[in-house]
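# Residue-level structural notes
Listed below are the residues making up each chain.
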Amino acid sequence: MNYRHAFHAGNHADVLKHLVLTRLLALLSRKEAPFAYLDSHAGLGLYDLQGDAASRTGEYLEGIGRLWQATQLPDAVEAYLEVVRAMNPDGELRYYPGSPELARLLSREQDRLQLNEKHPEDGRLLKDNMRGDRRVAVHLGEGWLVPRALMPTREKRVLLLIDPPFEKTDELQRCVEALNEAHGRMRQAIVAIWYPIKDERQLARFYRDLQKSAAPKLLRAELYVHAPDDATRLTGSGLVLSNPPWGLEDELKQLLPWLADALGQSQGGWRLDWLIEEKSAG
């Protein structure tokens, strides 16, 4: 079965991932120096929520659909929703940005984007969607090879998003391997790994492997929409963030409780902690 993200575009997991990505890009943009954005499993870049795939599942209704109607939003949500609003100027929620489009719109003239997508049809659509922006390069290949193929970058600052389809049983392990490869090539890299929350035993092994990884410091952020002990469904999702920029942890302390309340279904919840704390000098 080929994984197609269009079925899940705009769901609660996308909201978490894209909100955190938006904040990472904003914090990186505080300094004038350029940065590179790398996306290992980029997808299409743009999604039609009223198309066949998204409308068949309707997952977006419990994700971006809830935020679309929300009032009194936290400041940290505004930049993300501004992008979605700009894509839907008539006020009807139809189009949704994937991580490549968010990165393209929220990066600057001096920044550069390297996007990779393995699925041939999705890769062609990604190229079409990114056409005309000279800062963007699209690669059609195996996402796990991105750290080895594209790092180190000529920019001294880099943000790598690893967001695989998790259709194979070894992909959590491969995430850790990619993290180690990235830090072996650029120790200062910011690496964000998205993962689903379903199988607690697999995740416990994943967390242990992450704690032994080459990441200098590693922050874990998780959002639950159901109690996280039901392996029969997606109960939530998480991001582990190596070398998160200063200020992100404090923002997430405010953002995650709000998201848990806004997106919780049978039971909302969240977690924010350090899997690897920064080692003090000396």
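Residues numbered from 1 in each chain as written. Predicted model: local features only at pLDDT ≥ 70, side-chain atom pairs only at ≥ 80, totals over all residues. Heavy atoms only, no water.

### A short note on empty space enclosed by the protein
- Counted according to the given criterion, the structure contains 1 cavity of 30 Å³ or more.
- Taken as a whole, the largest cavity spans an internal volume of roughly 40 Å³.
- Residue lining of the largest cavity: K17, V20, L21, L24, L159, L161, A192 and L239, and that is the complete set.
- Looking at the lining of the largest cavity, the elements with two or more residues in it are helix 1 (12-28) and strand 6 (157-162).
- Looking at the lining of the largest cavity element by element, the count peaks at 4 residues for helix 1.
- Here the residues of the lining of the largest cavity are counted per class, giving 7 nonpolar, no polar and 1 charged. (1 Å grid on protein atoms, 1.4 Å probe; cavity = no way out; pocket = protein on both sides within 12 Å on 5 of 7 lines; lining within 4 Å. Points joined across faces, edges and corners; volume = space filled by probe spheres on them. Helix = DSSP H or I, 4+ residues; strand = E, 2+ residues; numbered from the N terminus. Nonpolar A, V, L, I, M, F, W, Y, C, P; charged D, E, K, R; others polar.)

### Things to note about the nonpolar core
- Formed by 59 residues in total, the largest nonpolar core has its most connected members in I64, L67, Y80 and L252.
- No other element matches helix 1, which puts 10 residues into this core.
- Excluding residues within four positions of it along the chain, Y80 makes contact with V15, H18, L19, T22, I64, L67, Y96 and L102.
- Counting residues in hydrophobic clusters, the runner-up holds 31 residues, among them L150, M151, A178 and A189. (Core = buried A, V, L, I, M, F, W, Y, C linked by side-chain atoms within 4.5 Å. Buried < 20%, exposed > 50% of the residue type's maximum accessible area, 1.4 Å probe, protein only. Contact = heavy atoms within 4.5 Å.)

### Some points on helix 9 (residues 200-211)
- Taking 1.5 Å of rise per residue, 12 residues should cover 16 Å, and helix 9 covers 16 Å from first to last C-alpha, within 8% of that figure.
- Taken as a whole, helix 9 has its buried residues at L203, F206, Y207 and L210. Within helix 9, the buried residues cover an arc of 100° as seen down the axis, which keeps them to one side.
- The secondary structure elements touched by the buried residues of helix 9 are helix 8 (171-185), strand 7 (190-197), strand 8 (218-224), strand 9 (236-242) and strand 10 (269-276).
- Put simply, D199 is the residue that caps the front of helix 9, since its side-chain oxygen is 3.0 Å from the backbone nitrogen of R201. (Expected span 1.5 Å × (residues − 1). Arc of directions from axis to C-beta. Polar contact = N/O pair within 3.5 Å; in protein donor to acceptor, adjacent residues only side chain to side chain.)

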